[in-house]
Amino acid sequence: MPWYKDKILGYILGIATLSKLIAFLYLYFVNPLGEQALIFPDSLGYVYPAQTLLEHGALWEAVSATPLLMRTPGYPWLIAFVQFLTANATWAIIFVQNVIALVTLLPIYLTTRQLAGINAARTAAGLYAASTLYFSLAFSILTETWCVFWLAWFIYFLLRWQQKSQWKFIIPAALCLAFSVYIRPAVYYLVPIICIILPGLIWKRKSPQLFCQILCGFILPVIILIGIWQVRNYRQTGYGGFTTVGAYNLYIWNEDYIARKENISVAQAHQELLARLPSDFYQQPASEQVRLYRQLATPLLKESWMYKISRLPLWAGKTLLGTNYVHINQLIFGEKDSPERTLNQTGALPKSWLRTWPEKIVFLFVFLQVFITVGLGTIGLWLLRKKNLAAAIFLTIYIGYFWAIGSSFFGAYARFRAPFELVFCMTAGLALSMGIGQLHGNKRP
């Protein structure tokens, strides 16, 4: 049965569409925060380059006339396109993101169906539609919804290629991965990992034709597409990297250690780290700024590595089971907090926001949804190894990469689970369908 004839999928899509429409209208007409519930400190770093692209034909860093280097261009391109069509960069992009989130149901459904059948696919689509993380991020001027869309299609095409070994699947997989790198630089280091494990997906067949597909249909297109932006960076700034955000984070994300060491707030520590930069830092070439970031970060990392290791379990737990509750609280109850804290809590639980019973009930519901999805997804990932070992290994590495990179500093929180929660939705669908099937089998005489 073609996917578009699946009535259950249609019901899931219909309910998800209705719930998003109601939420959109509530935020627009009722929520006292209005568009402020959608905007975060990172948002300006994407909206401003989009506006400079429309007005001047070039992407600039936020509130400057220097070429865009810290942010990557994928999300500003989307904002610019939407703003060009609608003359709006907030509500219009939120509307488009919710449409994108609905379309993302399709690759999740198709991938799960190919791995475990139609019942698992329906369950996976339902779990994705019920995800509070994806629901809330679709109402944020942030990159996750757009990036998850391309990552979901990347997983679908790559696993289709693993089964069918056809050019028409490996080339779209390369394009989707490259597009996601342009949106979230965290995907950048996934590229060499995928290029290494790809031969392993077809190692039993030992086919020169398949290795040719890997080289010409995946590795070369990805390198060329990503390299285009790096050539642009070098020509305009002399810096040949894809983005400077890695060096920035390497230095700035020591602020939690500085705060603990000097008994000050994280915000004060942030200002102190900025004050340690040379007075002419922002007049330096981009390559020199990157060198200085790394130079200043090195002694801090040597000094704080034991502290960071001791905090790693908390950070990993926040990435894996974080609820994104503070932003959800803003969306539902209209309670505004500082944007810096909304998506990035330094504690394990959002205790200061859990004052009333409605807030506690919402938090419990959100936590249970996350816990059930991750728990069932882990079980399903284990079960998948019996059905498709290569796919199970690939998805485990995929989850492990994003979990590790999202848990490596104190900024770890639910937002960084977005690239891999969709995989847990898929494997949770497999676990539930297998469990229900086994239960029905046991009841037969």
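Structure: see above.
Residues numbered from 1 in each chain as written. Predicted model: local features only at pLDDT ≥ 70, side-chain atom pairs only at ≥ 80, totals over all residues. Heavy atoms only, no water.

Trainee: Summarise the overall build of the chain; cite the residues concerned and give the values.
Mentor: Scanning the chain for helices and strands turns up 20 helices and zero strands. The C-alpha atoms of the chain give a radius of gyration of 22 Å, which matches the 22 Å a tight globule of 445 residues would have. Reported as C-alpha extents along the three principal axes, the dimensions of the chain are approximately 80 × 60 × 50 Å. Here the chain holds 445 residues, and the buried ones make up 53% of them. Within the chain, counting contacts between residues at least 6 apart in sequence, those at least 24 apart form 74% of the total. Here the chain carries 36 positive and 18 negative side-chain charges, and the mean point of each set is 19 Å from the other. (Helix = DSSP H or I, 4+ residues; strand = E, 2+ residues; numbered from the N terminus. Rg over C-alpha atoms; globule rule 2.2 N^0.38 Å. Buried < 20%, exposed > 50% of the residue type's maximum accessible area, 1.4 Å probe, protein only. Contact = heavy atoms within 4.5 Å. Lys, Arg positive; Asp, Glu negative; His and termini not counted. Charge placed at Lys NZ, Arg CZ, Asp CG, Glu CD.)

Trainee: I'd like a rundown of a nonpolar patch on the surface, residues and numbers included.
Mentor: A surface patch of nonpolar side chains, amounting to about 520 Å² of accessible area, comprises Leu 21, Leu 25, Tyr 28, Phe 29 and Val 30. Its relative accessible area of 52% is what places Val 30 among the exposed residues. (Patch = residues over 30% accessible without salt bridge, like charges linked within 9 Å, V, L, I, M, F, W, Y side chains within 5 Å. Areas by Shrake-Rupley, 256 points an atom, 1.4 Å probe, with all protein chains shown as cover. Salt bridge = Lys/Arg side-chain N within 4 Å of Asp/Glu carboxyl O.)

Trainee: Can you explain the side chain of Asn 329? Please cite residues and give values.
Mentor: In this structure, Asn 329 sits in helix H16 (residues 325-333). Look at Asn 329 and you get buried, because its relative accessible area is 0%.

Trainee: Before we move on, could you go through the pattern of salt bridges and cite the residues and values that matter?
Mentor: Taken as a whole and assessed by the stated rule, the structure comprises 11 salt bridges. Residue Arg 122 is joined to Asp 6 by a salt bridge in which the shortest nitrogen-to-oxygen separation is 3.0 Å. Taken together, the positions of Arg 122 in helix H6 (residues 118-129) and Asp 6 in the segment before helix H1 (7-29) put the pair 116 residues apart, joining distant regions of the chain. Taking relative accessible area as the criterion, Arg 122 reaches 22% and is therefore assigned partly exposed. A relative accessible area of 3% means that Asp 6 is categorised as buried.

Trainee: Quick one: what's the story with the environment of Ile 405, residue by residue and with numbers?
Mentor: With respect to the helices and strands, the residue Ile 405 is situated in helix H19 (residues 389-406). Residues Ile 405 and Ala 316, spaced 89 residues apart in sequence, show a C-alpha to C-alpha distance of 9.6 Å.

Trainee: Outline H19, supporting the account with residue identities and numerical values.
Mentor: If you check H19, its first and last C-alpha atoms are 26 Å apart, about what 18 residues at 1.5 Å a residue would give, namely 26 Å. Among the residues making up H19, those that are buried are Ala 390, Ala 391, Ala 392, Phe 394, Leu 395, Tyr 398, Ile 399, Tyr 401, Phe 402 and Gly 406. (Expected span 1.5 Å × (residues − 1).)

Trainee: A description of the nonpolar core should follow, citing residues and the corresponding values.
Mentor: Membership of the largest hydrophobic core comes to 108 residues, with the highest contact counts inside it found for Phe 154, Ile 155, Phe 218, Phe 394, Tyr 398 and Leu 422. For this core, the leading source of residues is helix H8 (residues 144-164), giving 15 residues. Ala 259, Leu 273, Leu 277 and Leu 292 belong to the second largest nonpolar core, which has 20 residues in total. (Core = buried A, V, L, I, M, F, W, Y, C linked by side-chain atoms within 4.5 Å.)

Trainee: Describe unusual backbone geometry, with residues and values.
Mentor: Glycine aside, negative phi is the norm for most residues, and most peptide bonds take the trans geometry. Look at Ser 165: it is not a glycine, yet its phi comes out positive at around 55°. Tracing the backbone through its elements, the reader meets Ser 165 in the loop between H8 and helix H9 (167-183). When its relative accessible area of 16% is taken as the criterion, Ser 165 is described as buried. Of note, Asn 324 is a non-glycine position whose phi angle comes to about 55°, a positive value. Tracing the chain through its elements places Asn 324 in the loop between helix H15 (286-321) and H16. Taking relative accessible area as the criterion, Asn 324 reaches 5% and is therefore assigned buried.

Trainee: Summarise the packing of aromatic side chains; cite the residues concerned and give the values.
Mentor: Taken as a whole and judged by the stated rule, the model has 37 aromatic pairs. Here the aromatic rings of Trp 146 and Phe 149 are separated by 5.7 Å at their centres, their planes lie at 10°, and the arrangement is stacked. Separated by three residues within a single helix, Trp 146 and Phe 149 lie in helix H8, roughly one turn from each other. The exposure classification of Trp 146 matches that of Phe 149, with both residues buried. Geometrically, the ring pair formed by Phe 149 and Trp 150 is edge-to-face, given 5.1 Å between the ring centres and 80° between the ring planes. Residue classification places Phe 149 among the buried residues on the basis of a relative accessible area of 12%. On the accessibility criterion, Trp 150 (17% relative accessible area) is buried. One aromatic cluster in this structure is built from Trp 77, Tyr 182, Tyr 188, Tyr 189, Trp 229 and Phe 242. (Phe/Tyr/Trp six-rings, centres within 6.5 Å; stacked < 30°, edge-to-face > 60°.)

Trainee: Could you give an account of helix H18 (residues 357-387), with specific residues and numbers?
Mentor: For H18, which comprises 31 residues, the first-to-last C-alpha distance of 44 Å matches the rise-based estimate of 45 Å (1.5 Å per residue) to within 8%. For H18, every residue scored as buried is listed here: Glu 359, Val 362, Phe 363, Val 366, Gln 369, Val 370, Thr 373, Val 374, Gly 377, Gly 380, Leu 381 and Leu 384.

Trainee: Provide a residue-level description of the side chain of Thr 243, including the pertinent values.
Mentor: With respect to the helices and strands, Thr 243 occurs in the loop between helix H11 (208-237) and helix H12 (245-252). Here Leu 69 takes part through its backbone oxygen, which lies 3.0 Å from a polar atom of the side chain of Thr 243. Within polar-contact distance, the side chain of Thr 243 engages the backbone oxygen of Met 70 at 2.6 Å. Look past the residues within four positions of Thr 243 in its chain and what remains in contact with it is Leu 69, Met 70, Thr 72, Pro 185 and Asn 233. (Polar contact = N/O pair within 3.5 Å; in protein donor to acceptor, adjacent residues only side chain to side chain.)

Trainee: With reference to specific residues and values, describe the state of the cysteines.
Mentor: Using the criterion set out here, one finds zero disulfides in the structure. Cysteine Cys 212 is unpaired, with the sulfur of Cys 216 as its nearest cysteine sulfur at 4.0 Å. Note on Cys 212: relative accessible area 34%, which makes it partly exposed. What makes Cys 216 partly exposed here is its relative accessible area of 38%. (Disulfide = S-S within 2.5 Å.)

Trainee: Residues and numbers for the packing of H16 against H18, please.
Mentor: Where H16 contacts H18, the two axes come as close as 11 Å, and the packing angle between them is 130°. Viewed along their axes, H16 and H18 adopt a mutual orientation that is oblique. Crossing geometry of H16 relative to H18 is assigned as right-handed. Contacts between H16 and H18 involve Tyr 325, Ile 328, Asn 329, Ile 332 and Phe 333 from the first element and Pro 358, Glu 359, Val 362, Phe 363 and Val 366 from the second. For the contact of H16 with H18, the class distribution of residues is eight nonpolar, one polar and one charged. (Axes fitted to C-alpha atoms, helices over the stretch in contact; angles between N-to-C directions. Parallel < 35°, antiparallel > 145°, perpendicular 65-115°, else oblique. Left-handed = near helix turned anticlockwise from the far one by under 90°. Nonpolar A, V, L, I, M, F, W, Y, C, P; charged D, E, K, R; others polar.)

Function cannot be read off these values alone, since they describe shape.
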